[in-house]
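Chain by chain, the residues run as shown.
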Amino acid sequence: MKLQGIRVLDLSLFLPGPYLTTVLADHGAEVIKLEPPSGEPVRNIGQRAGGHSVWFRNIGRGKKSIVLDLKKPGDLVAFRDIALTCDVMVEAFRPGVADRLGIGAADMTALNPRLVYCSISAFGQDGPESRRPAHDLAVEALAGTLSVNLGQDGKPTHPGIPVADVTASLLALSGILMALLRRESTGRGDVIDMAMFDATLSWLPNATGAVFGEDRAPVVKHERQWGGGAFYNIYPTSDGKWVVLGGAEHKFVETLLHALDRPDLIPGASGPPGPGHEAAQAFLRETFGTRTRDEWEAWFAGRDVCFAPVLDLKEAFAGSQVAARQMLVRDEDGHLHIGLPIKFRDEPGQLNPRLPALGEHTAEVLAEARRRLSR
């Protein structure tokens, strides 16, 4: 696998760091998960299957678990011995905590110059908000993305996915791989300061037109990507479910409105998003309300229009595309896992479903680190 031989020391908890290191583990890295004596909190959060939380099953798989108390001098020495043998270290403490523990970026890269040290935090290591406590929802609120995530009542609502967590995780993954690639020519690692706030802002290139171009906040209901366009919108069906039109290109507008005998609406639905789309939106809302979701799916079959039924998560994971892409994996014990999204032709990743017991590998990892250091 692509990352075979890469050794990762993961101090992070919950989602951004653990998701990142799961991707590394799925592609061959040896991931050593340092857990506090009380364990990774998500071991005990949410629904369970086979004695483990489903959340932990998806972020703990294929890793080794060690338990050390970094406030104890002996454990800190042991931690540094392990870090000396690692290529990557990931931590997600609030800024300043790692330094106080003696495991900050300056200390660890001085100890191991080849180390790629990645810090993931809400707002980064500097700036006026750097010490502010926050998880995903609060970061999205301060990054402005929650203000455009509106429900049918026009009020901010909980995002369906943890945007700040996952964007930071994926960009941190990219940064780590860049640093490892560069290390091949320089022999030195690097320090990555990944802020969830920065990552969230960076994923808005299609949403900043009003701010950058006209110095104003967007009117959400008039913007194409947030419901201002008739052909990029969500519509209710007669059975209380929903469908979406997800493509506003002129050819899709023409195809559908001709099929529905309303070519008179094409000019408005092809123009700029906002009030000019209201007539087409009203017609489509009324029209979609005359049939069930599944009836509309059958009606759209073979038509060149960006259309999709709104599936719940159970329906989504049961879909034929999920099966074809192996994005739902059942292990030998019958437990389900989210599959691997990065698909290589050569050296594909491999999902290792084994979950470590808390601290199971502490002695093994310490012994291996000291063996390597004694050579």
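Below, the structure is looked at part by part. What you see is a predicted model, and the numbers here were worked out from it, not measured in a lab.

## Thoughts on the packing of aromatic side chains
Each aromatic ring pair is characterised by the separation of its centres together with the angle its planes make.
Logical step 1: Under the counting rule described, the total for this entry stands at eight aromatic pairs.
Logical step 2: Between F288 and W296, the ring centres sit 5.0 Å apart and the planes meet at 70°, which makes this aromatic pair edge-to-face. Here F288 matches W296 in class, with each residue buried.
Logical step 3: Plain terms: the ring middles of W296 and F300 are 6.1 Å apart, the flat faces sit at 50° to each other, and that makes the pair tilted. You can see W296 and its partner F300 sitting in helix α13 (residues 293-300), four residues apart, about one turn around the helix. For the pair W296 and F300, a shared accessibility class is recorded, and that class is buried.
Logical step 4: A cation over a ring is seen here: K2 above F344, with NZ or CZ 4.9 Å from the ring centre.

## Details of the nonpolar core
Logical step 1: Counting 28 residues, the largest nonpolar core has L20, L24, V88, I120 and I176 as its most contacted members.
Logical step 2: Looking at this core, the elements that each hand over two or more residues are α1 (16-26), β6 (88-91), β7 (116-121), α7 (163-186), β8 (190-195) and α8 (196-202).
Logical step 3: Top element by residues in this core is α7. It accounts for seven residues.
Logical step 4: With residues near it in sequence (within four places) discarded, L24 still touches L3, V8, A29, V31, L173 and L177.
Logical step 5: Grouped together as the second largest cluster of nonpolar side chains are 24 residues, L76, I82, A83 and A98 included.

How each quantity is defined
- Residues numbered from 1 in each chain as written.
- Predicted model: local features only at pLDDT ≥ 70, side-chain atom pairs only at ≥ 80, totals over all residues.
- Heavy atoms only, no water.
- Phe/Tyr/Trp six-rings, centres within 6.5 Å; stacked < 30°, edge-to-face > 60°.
- Buried < 20%, exposed > 50% of the residue type's maximum accessible area, 1.4 Å probe, protein only.
- Helix = DSSP H or I, 4+ residues; strand = E, 2+ residues; numbered from the N terminus.
- Lys NZ or Arg CZ within 6 Å of the ring centre and 35° of its normal.
- Core = buried A, V, L, I, M, F, W, Y, C linked by side-chain atoms within 4.5 Å.
- Contact = heavy atoms within 4.5 Å.

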